[in-house]
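Residues per chain are reported as follows:
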Amino acid sequence: MSHSSSASPRMKPATWYISMLIVAFLYIYLTAIQYIRGEELPVPQTVRQSLHARAVREGFGGSKFLSKQGPINGPTLGFEYHNYDDLTSYLRNVNSMFPNITALYSIGKSSQGRELWVLVVSTSPYKHVLGIPNVKYVANMHGNEAVGREMMLHLIQHLVTQYPRDEYVRWLLENTRIHIMPSMNPDGYEVSKEGTCEGAQGRYNSRGYDLNRNFPDFFKTNNARPQIEMEHVKEWLSKIQFVLSGNFHGGALVASYPFDNSAKSMFQSLSSSESVTPDDDTFKHLATVYSTNHKRMYQGRPCKGQSGFKNGITNGAKWYPLIGGMQDFNYIWHGCMEITLEISCCKFPLAEDLERYWRENKESLLRFLGESHRGVRGFVHDEFGNPIEGVGLKIKDRDVGFKTTRHGEYWRILLPGRYVLEAYHDNYEPKEAEFYVVDDRPTLLNVTLSRNSARTVFDTSKINFPSN
């Protein structure tokens, strides 16, 4: 009996090489730009072998394996200012040298077409890991306030080079996704001048708008024309649920916390008074963490022509009220606890002072990020174990709400004590759950909601969920 075999056609060598060249070109191109506007980054299939993957495959823990590699040098980074091109080059170099713990993306372009770059530093840089909180730092939203911009680059350098040998940095990167935006206003920076301690040249975006007066405001209608940089940040926050955030400025030395505005803002020219959030204790704690780890801020000494701040912290509205601030928007609209960090009396000091500013801020920058692992966290599921997205949550007697992610996750930074979590959703029975927070670790609290058998009315009148 004869057997006929039908061999599958083989690809010609020339065709194969051309196909590989096309794939390689596409990969290099996509890696170079990584322009994703805040969504999860696709993991490149051809990315060079990860040290962590090797460690797991060879039977070592990732940290144990990496710790044997010794110091790792990053790209050259001096204590000097970096314009847009230099900043872009540095971020790309870091991403190229550390592809296993960094991912570079842009949330959009400025008014003049410059990318608003963000670098993720994490052991899971490309993809969200269930239960791992996202945190962020944003600097240079006022273009002439330049110290924070450079501190972000030095923080990036520290994180990527110290990951193999610093236990705390390693813990941060393995348990947190850190998003760092060195400049929210690259256009303004380009027209600012080194050595200028005061004044407004470069403060505004290229269209003359103050980006920290441009966000929707809870207390009063903001009539400022929305700017593209602000719109990109709004979209970014709608896609990634950030737990904690720091926003860097210059011109003072203080950690300022919400609210920045109040219902009494019409009288802001006459007097300033505190505008207290329901989470005032937590915000004071977060501001104090930054201040007390700073070399000078905690002393509360005034900059020239200013009053001092007790312990180096202040309520924003008590200092001076403003409409359209970014930290209030983060908190009220998205449940992200953001504070404003004024880290230099001079807005754009000489480059020779940058090393001193790094020494002053280094410990604060690191310790503040760790506060995202304080409080309560968990998942909300239905009776079949399916995650429920968009569950309205609030801590009883704290009437600013937050919501679950599409994976049913939630996080809330809280100080030690007893609390009650309230959960509601249109399609489920409301539920309360009591829990305790301790100081040395986050409390895990998972909640199961049951489907409505009949329409249940849940009083949400005191929960703030702005619609725009």
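Keep in mind it's a predicted model, so treat the numbers as computed, not measured. Once a new chain begins, its residue numbering starts again from 1 and follows that chain's sequence as written. Only residues with pLDDT of at least 70 are given local features in this predicted model, and only at 80 or more are side-chain atom pairs given and counted; all residues enter the totals for whole chains, interfaces and linings. Hydrogens and water molecules were not included; the side-chain quantities draw on all heavy atoms of the structure.

1. What about the pattern of salt bridges?
Reasoning step 1: We count a salt bridge whenever a side-chain nitrogen from Lys or Arg sits within 4 Å of a carboxyl oxygen from Asp or Glu. Counting across every chain of the model gives 20 salt bridges.
Reasoning step 2: One salt bridge connects Arg-203 with Asp-210, and the closest N-O pair in it is separated by 3.0 Å. For the residue pair Arg-203 and Asp-210, the accessibility class agrees, reading buried in each case.
Reasoning step 3: Between Glu-371 and Arg-374 there is a salt bridge, and its shortest N-O distance comes to 2.7 Å. For the pair Glu-371 and Arg-374, one class covers both residues: buried.
Reasoning step 4: Members of the salt-bridge network, linked through shared partners, are Glu-145, Arg-203, Asp-210 and Arg-213. We call a residue buried when its accessible area falls under 20% of the maximum for its residue type, exposed when it is over 50%, and partly exposed in between, using a 1.4 Å probe and counting protein chains only.

2. Some points on the packing of aromatic side chains
Aromatic rings considered in pairs are described by the distance between their centres and by the relative angle of their planes.
Reasoning step 1: Between the rings of Phe, Tyr and Trp (Trp by its six-membered ring), a pair exists once the centres lie within 6.5 Å; its type follows the angle of the planes, with under 30 degrees stacked, over 60 edge-to-face, and the other angles tilted. According to the stated counting rule, one finds 18 aromatic pairs in the structure shown.
Reasoning step 2: Note on Tyr-137 and Phe-248: the rings are 5.0 Å apart at their centroids and 75 degrees apart in plane angle, and the pair reads as edge-to-face. Of the two residues, Tyr-137 sits in strand β3 (residues 134-139) while Phe-248 sits in strand β5 (residues 242-249), which places them 111 residues apart along the sequence. Phe-248 matches Tyr-137 in its accessibility class, with the two residues each being buried.
Reasoning step 3: Ring centres 4.9 Å apart and planes at 65 degrees place the aromatic pair Trp-319 and Tyr-320 in the edge-to-face group.
Reasoning step 4: Joined through ring pairs, the aromatic side chains of Phe-218, Phe-219, Phe-259, Phe-283 and Tyr-331 make up one cluster. Each helix is a run of H or I in the DSSP string that is no shorter than four residues. Each strand is a run of E no shorter than two, and both are numbered from the N terminus.

3. Some thoughts on the packing of helix α9 (residues 280-293) against helix α12 (residues 354-370)
Reasoning step 1: All axes here are fitted lines through C-alpha atoms, helices being fitted over the stretch that makes contact, and every angle between N-to-C directions spans 0 to 180 degrees. In the contact formed by α9 and α12, the axes pass within 7 Å of each other and the chain directions differ by 150 degrees. Taken together, the axes of α9 and α12 lie roughly antiparallel to each other. Crossing handedness for the pair α9 and α12: right-handed. Residues Leu-286, Val-289, Tyr-290 and Asn-293 of α9 pack against Glu-360, Asn-361, Glu-363, Ser-364, Leu-365, Arg-367 and Phe-368 of α12.
Reasoning step 2: Looking at the contact of α9 with α12 residue by residue, the classes come out as 5 nonpolar, 3 polar and 3 charged. With respect to orientation, any angle under 35 degrees is reported as roughly parallel, any angle over 145 as roughly antiparallel, any angle of 65 to 115 as roughly perpendicular, and every other angle as oblique. Crossing handedness follows the turn of the near helix against the far one: under a right angle anticlockwise gives a left-handed crossing, and clockwise gives a right-handed one. Working rule for contacts: check all heavy atoms of both residues, and any pair within 4.5 Å makes them a contact. Each residue is assigned to one class: nonpolar for Ala, Val, Leu, Ile, Met, Phe, Trp, Tyr, Cys and Pro, charged for Asp, Glu, Lys and Arg, and polar for all the others, Gly among them.

4. Section: the environment of Pro-125
Reasoning step 1: For Pro-125, the location among the structural elements is in the loop between β2 (115-121) and β3.
Reasoning step 2: Considering only alpha carbons, one finds Pro-125 and Asn-100, 25 residues apart in sequence, at a separation of 7.3 Å.

5. Concerning a negative patch on the surface
Reasoning step 1: On the surface, a cluster of negative charge is contributed by Glu-80, Asp-85, Asp-86 and Glu-190.
Reasoning step 2: With respect to the helices and strands, the residue Asp-85 is situated in helix α4 (residues 84-97). Each patch is assembled from residues with relative accessible area greater than 30% and no salt bridge, linking like charges that lie within 9 Å and nonpolar side chains (Val, Leu, Ile, Met, Phe, Trp, Tyr) that lie within 5 Å. Residue exposure ignores everything except the shown protein chains as possible cover, and the areas themselves are Shrake-Rupley values with a 1.4 Å probe. Positive charges come from Lys and Arg alone, negative charges from Asp and Glu alone, with His and the N- and C-terminal ends not counted. Charge positions come from single atoms, namely NZ of Lys, CZ of Arg, CG of Asp or CD of Glu.

6. Observations regarding the pairing of strand β9 (residues 376-381)
Reasoning step 1: With 5 of 6 residues buried, β9 is to be regarded as a mostly interior element.
Reasoning step 2: The criterion for strand pairing is that DSSP finds at least two bridges linking the strands in question. Note: β9 against strand β12 (residues 409-412), 4 bridges, orientation antiparallel. From the neighbouring strand, Arg-377 faces β12, where its bridge partner is Trp-411.
Reasoning step 3: Here 2 bridges tie β9 to strand β15 (residues 443-444), and the two strands are oriented parallel to one another. Paired with Arg-377 across the bridge in β15 is Leu-444.

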